[in-house]
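Coordinate analysis (summary)
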Amino acid sequence: MAHIGIDVDGVCYPFTDDASIVVSEFLHVDPLELPVPKVWDFMSEQWGVDQKTFWEIWYEDVARGGAWLRLAPSPGTVEGLHLLRDAGHSTHIITHRKGGEVNTMKWIQKYDIPYDTLHIGRDKTRVNVDVLVDDWEQNWQEVTAAGGRCLVWDQPWNAHMLEVERVFSWYDVLDALS
């Protein structure tokens, strides 16, 4: 059985939905007025909020107990992680949420997210897993360059990536592991 690294934002957590709440409050607009993210740097390229400002307002919201905590897991996540564990795989949450550790743990506990280990840090190649499930092209590049395997969780911002193992659901992840 395999050790599976699981990214949180964009795979298990609807980060862009949460970001739309934070940015819409900052811009004083309805969240539905913001375009659906289609690129990685959606906050500046699509919403007109530069990276520095976005992360400042984001971490203010994190400190208030909002961001990275307010939304439920993406549909099917809890069930999918249970399926992986029931199939004998271990699940290792690997996220880049520096500064969001408290909200991340509260969220995991609140929704009873099954996992074996939790790793918070930018370099996902440092965690010893057999395969990583992630949505970010840079993580895919780093993992595959290091000789690892990365399943790309389908999102609009990674649609341009054609030569990857793409997954659309937790059932696809299970199939890819068999």
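Heads up: these notes are all about the structure in this document. Since this is a predicted model, take the numbers as computed values, not measurements. (Residues numbered from 1 in each chain as written. Predicted model: local features only at pLDDT ≥ 70, side-chain atom pairs only at ≥ 80, totals over all residues. Heavy atoms only, no water.)

Here we look at the side chain of Asn103
How we decide: Secondary structure follows DSSP: runs of H or I at least 4 residues long count as helices, runs of E at least 2 residues long count as strands, and numbering of each begins at the N terminus. With a 1.4 Å probe rolled over the protein chains alone, any residue whose accessible area is under 20% of its type maximum counts as buried; one over 50% counts as exposed, and the rest are partly exposed. Note on definitions: a residue-residue contact is assigned when non-hydrogen atoms from the two residues lie within 4.5 Å.
For Asn103, the location among the structural elements is in helix α5 (residues 101–110). Residue Asn103 is classed as buried on the basis of its relative accessible area of 5%. If we ignore the near neighbours within four places in the chain, the residues touching Asn103 are Val62, Gly65, Gly66, Ala67, Trp68 and Leu69.

Here's the deal with the environment of Gly65
Looking at the secondary structure, you find Gly65 in the loop between α3 (51–63) and α4 (77–86). Remark: the alpha-carbon pair of Gly65 and Pro114, spanning 49 residues in sequence, is separated by 22 Å.

Description of the environment of Ser74
For Ser74, the position within the fold is in the loop between α3 and α4. Accessibility expressed as a relative area gives 16% for Ser74, which makes it buried. Considering only alpha carbons, one finds Ser74 and Gln51, 23 residues apart in sequence, at a separation of 24 Å. Aside from chain neighbours lying at most four places away, what touches Ser74 is Val11, Cys12, Tyr13 and Pro14.

Focus: the pairing of strand β1 (residues 3–6)
Applied cut-off: DSSP calls a pair of strands paired once it identifies at least 2 bridges connecting them.
Pairing of β1 with strand β2 (residues 90–95) involves four bridges; the strand directions are parallel. Residue pairing for β2: Ile6 is matched across the bridge by Ile93. Taken together, the three bridges between β1 and strand β4 (residues 131–134) define a ladder with parallel strand orientation. Pairing of Ile6 across the sheet is with Val133, part of β4.

So, the packing of aromatic side chains
For the record, the criterion: Each aromatic pair joins two rings of Phe, Tyr and Trp (for Trp, the six-membered one) with centres within 6.5 Å, and gets the label stacked for planes under 30 degrees apart, edge-to-face for over 60, and tilted for any other angle.
Going through the model one piece at a time under the given rule, you end up with 16 aromatic pairs. Judged by centre distance (6.3 Å) and plane angle (75°), the rings of Phe15 and Phe54 are edge-to-face. Placement of the pair is Phe15 in helix α1 (residues 15–27) and Phe54 in helix α3, with a sequence separation of 39 residues. We note that Phe15, like Phe54, is buried. Geometrically, the ring pair formed by Phe54 and Trp58 is stacked, given 5.6 Å between the ring centres and 25° between the ring planes. Placement of the pair is Phe54 and Trp58 together in helix α3, with a separation of four residues, close to one helical turn. Assessed through its relative accessible area of 0%, Phe54 is described here as buried.

Examining the pattern of salt bridges
Any two side chains of opposite charge can pair, on the condition that their charged atoms come close. Rules: Salt bridge, as used here: a side-chain nitrogen of Lys or Arg that lies within 4 Å of a carboxyl oxygen of Asp or Glu.
Within the structure shown, the criterion is met by 11 salt bridges. The partner of Arg97 in a salt bridge is Asp9, and the shortest N-O contact between them spans 2.7 Å. Residue Arg97 is located in the loop between β2 and α5, and its partner Asp9 is located in the loop between β1 and α1; the two are separated by 88 residues in the primary sequence. On the accessibility criterion, Asp9 (15% relative accessible area) is buried. With a shortest N-O distance of 2.7 Å, Arg122 and Glu142 are connected by a salt bridge. Here Glu142 lies in helix α6 (residues 137–145) and Arg122 lies in the loop between β3 (117–120) and β4, a separation of 20 residues in the sequence.

Describing the packing of α1 against α3
Just so we agree on the cut-off: Lines fitted to C-alpha atoms define the axes, with helix axes restricted to the stretch in contact, and inter-axis angles between N-to-C directions lie between 0 and 180 degrees. If an angle is under 35 degrees, it is roughly parallel; if it is over 145, roughly antiparallel; if it lies from 65 to 115, roughly perpendicular; otherwise it is oblique. Note on residue classes: Ala, Val, Leu, Ile, Met, Phe, Trp, Tyr, Cys and Pro are nonpolar, Asp, Glu, Lys and Arg are charged, and everything else, Gly too, is polar.
Packing of α1 against α3 leaves a shortest axis separation of 10 Å and a crossing angle of 100°. As judged from the angle between their axes, α1 and α3 are roughly perpendicular. For the pair α1 and α3, contact is made by Phe15, Asp18, Ala19, Val22, Val23, Glu25 and Phe26 and by Thr53, Phe54, Trp55, Ile57, Trp58 and Asp61, respectively. A breakdown of the residues in the contact of α1 with α3 according to their chemical character gives nine nonpolar, one polar and three charged.

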